[in-house]
Amino acid sequence: MMGGDWAAALEPVPVGATPITDLAKLREIYAGNTMIGVNRFPDRPEFKWSEYQCRNGQTRWAFDGRLYPGRWNILDGHVCFAYDDIAEGTMYCFDVYDDGRGGYKLVDAMEPDLGFVVFVNPLPGDPLNVQKLDGGRCEDPTS
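Details of the packing of aromatic side chains
Right, on to step 1. Considering all chains together, one arrives at seven aromatic pairs under this definition.
Right, on to step 2. Geometrically, the ring pair formed by Trp61 and Phe63 is stacked, given 5.4 Å between the ring centres and 5 degrees between the ring planes.
Right, on to step 3. Take Trp61: its relative accessible area is 13%, and that puts it in the buried class.
Right, on to step 4. Pairwise contacts between aromatic rings join Tyr30, Trp61, Phe63, Tyr68, Trp72, Phe81, Tyr83 and Phe94 into one cluster.

This is the structure:
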């Protein structure tokens, strides 16, 4: 979706859509991949970001010229993130929906009516070298 139609990607998830909850499928989508994403909130502009999901459960989120190290995990069929420098490590969990066009839409699992959509487009590996921004300490190829 790099350079693509972000507005279409951020359309709401259709009513009655079923989230992906299979652990193996969610790990396939996230582990060892870079996400290019955009968030849209009803009360503020959208913002774009990239994030590398390390196979060992660490993550590196690059946004607005900063790198936010954290952790990701799959809990009860949700993909969850916590960042060291954001809200004291608060866990943010999302339901993941296949958008049918190669990307995924995420909806807040705890408060689905918040009115925002996150769209992610996974890229294999770390082509943007996000993990290298902190010296490459993120990836553990054996995990």
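Description of the pattern of salt bridges
Right, on to step 1. Counted according to the given criterion, the structure contains three salt bridges.
Right, on to step 2. Put simply, Lys25 and Glu28 hold a salt bridge, and the shortest N to O gap is 3.4 Å. Of the two residues, Lys25 and Glu28 both sit in helix α2 (residues 23-30), three residues apart, roughly one turn of that helix.
Right, on to step 3. The class of Lys25 is partly exposed, set by a relative accessible area of 28%.

With respect to the pairing of strand β3 (residues 58-63)
Right, on to step 1. In this structure, β3 lies alongside strand β4 (residues 66-75), joined through six bridges in antiparallel fashion. What sits directly across from Ala62, in β4, is Leu67.
Right, on to step 2. Adjacent in sequence and paired antiparallel, β3 and β4 are bridged by two residues, among which Asp64 carries a positive phi angle near 55 degrees.

A look at the state of the cysteines
Right, on to step 1. Counted under the stated rule, the structure contains one disulfide.
Right, on to step 2. Each disulfide pairs two cysteine sulfurs, and for Cys80 the partner residue is Cys93, the sulfurs being separated by 2.1 Å. On the sign convention where negative is left-handed, the bridge of Cys80 and Cys93, at about 110 degrees about the S-S bond, is right-handed. Of the two residues, Cys80 is situated in strand β5 (residues 78-83) and Cys93 in strand β6 (residues 92-98); the sequence distance between them amounts to 13 residues. With respect to class, Cys80 is no different from Cys93; both count as buried.

Definitions and cut-offs
Residues numbered from 1 in each chain as written. Predicted model: local features only at pLDDT ≥ 70, side-chain atom pairs only at ≥ 80, totals over all residues. Heavy atoms only, no water. Phe/Tyr/Trp six-rings, centres within 6.5 Å; stacked < 30°, edge-to-face > 60°. Buried < 20%, exposed > 50% of the residue type's maximum accessible area, 1.4 Å probe, protein only. Salt bridge = Lys/Arg side-chain N within 4 Å of Asp/Glu carboxyl O. Helix = DSSP H or I, 4+ residues; strand = E, 2+ residues; numbered from the N terminus. Pairing = 2+ DSSP bridges. Disulfide = S-S within 2.5 Å.

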